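One-letter residues, chain by chain:
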Amino acid sequence: MYSSCSLRDCNRKKYCVLSLQTVLAARELRWKEEELLAKSLAQEFSGHRLAFAFCTLRMPASLRISGPYKEIVVQLRDALAEALMEKAFPIIASGQKQYDDGPSAWLASCCDEEILKRMAISIEEGHVLGALGDIDVTDAEARLLSRRDMGFEPRKCLVCDNEAMVCSAGQCHSLLDIAAHIEAIISDSMALRSSKFL
């Protein structure tokens, strides 16, 4: 079993390794807070149909907390917010938080949850950094919509063309191999951004 380390320890080495208990506890806390948030805002804005998007990093926990990647969730959340505003769907609230297993960014919109889920999938598949994020969408009762619910195929692995869940469960790729593919995606995004200013 891997042992957990403090954030100060993480600053002294490239990647921190978290215990399974730490990851599971952080995930449970995040889910509970997301549920409370959804129900609280639904009560505050009663009479409006609300949907929520929660952005997290799509990579092993030891990479999620390593620092260089935490702004990705904010960029993806902001890209989704921009897409919503272009369709005249108002954003009523947004925020971000650092958990023990990585960062999270969220938004709430006066929008049908199925519309929001389709837009989230478009960001995941079309944004230059979309492959590095998971955007979960819930309704005002905190019920999660899955890609399968919407008729979409499961997401592919960051490293190969197999289903991501299969590779994750089987630990098919090394941490360094995954990190290398993540860095390649980030490099491509920076190159694309630079080309827009040429």
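Let me sum up the structure you'll find in this document. Note that residues are indexed from 1 along each chain, following the sequence as it is written. pLDDT decides what is reported in this predicted model: residues at 70 or higher carry local features, side-chain atom pairs at 80 or more are listed and counted, and totals for whole chains, interfaces and linings draw on all residues regardless. Only hydrogens and water are set aside when side-chain values are computed; all heavy atoms of the structure are taken into account.

## Some thoughts on the overall build of the protein
Part 1 of the argument: Helix and strand assignments follow DSSP, with helices taken as H or I runs no shorter than four residues and strands as E runs no shorter than two, numbered in order from the N terminus. When you go through the protein residue by residue, the secondary structure sums to seven helices and five strands.
Part 2 of the argument: The N-to-C order of helical and strand elements in the protein reads α-α-β-α-α-β-β-α-β-β-α-α.
Part 3 of the argument: Each residue's exposure class comes from its accessible area (1.4 Å probe, protein chains only) as a fraction of the maximum for that residue type: buried when under 20%, exposed when over 50%, partly exposed otherwise. Counting over 198 residues, the protein shows a buried share of 42%.
Part 4 of the argument: In what follows, residue pairs with any heavy atoms lying within 4.5 Å of each other are defined as contacts. The long-range fraction of contacts in the protein, counting pairs at least 24 apart against all pairs at least 6 apart in sequence, stands at 64%.

## What about the pattern of salt bridges?
Part 1 of the argument: Basic side-chain nitrogens of Lys or Arg form a salt bridge, by our definition, when they fall within 4 Å of a carboxyl oxygen of Asp or Glu. Counting across every chain of the model gives twelve salt bridges.
Part 2 of the argument: For Glu-35, the salt bridge goes to Lys-39, with nearest N and O atoms at 3.1 Å. Taken together, the positions of Glu-35 and Lys-39, both in helix α2 (residues 20-44) and four residues apart, correspond to about one turn of that helix.
Part 3 of the argument: Judged by its relative accessible area of 36%, Glu-35 is partly exposed.
Part 4 of the argument: A relative accessible area of 38% places Lys-39 in the partly exposed class.
Part 5 of the argument: Across the salt bridge formed by Arg-77 and Asp-78, the nearest N and O atoms sit 2.7 Å from each other.
Part 6 of the argument: Taking the relative accessible area as the measure of exposure, Asp-78 reaches 38% and is therefore partly exposed.
Part 7 of the argument: Taken together, the salt bridges that share partners define one network made up of Glu-124, Glu-125, Asp-134, Arg-147 and Arg-155.

## Structural notes on the environment of Asp-134
Part 1 of the argument: For Asp-134, the location among the structural elements is in strand β4 (residues 133-139).
Part 2 of the argument: You can call Asp-134 partly exposed: its relative accessible area is 25%.
Part 3 of the argument: As a C-alpha pair, Asp-134 and Leu-57 span 77 residues in sequence and 6.0 Å in three-dimensional space.
Part 4 of the argument: Those residues in contact with Asp-134, other than ones at most four positions away along the chain, are Phe-54, Cys-55, Thr-56, Arg-58, Glu-124 and Arg-155.
Part 5 of the argument: In protein, a polar contact requires one atom able to donate a hydrogen and another able to accept it; more generally it is a pair of N or O atoms within 3.5 Å, and residues adjacent in sequence count only if both atoms are side-chain atoms. Among the polar contacts listed, one links the side chain of Asp-134 to the side chain of Arg-155, at a separation of 2.9 Å.

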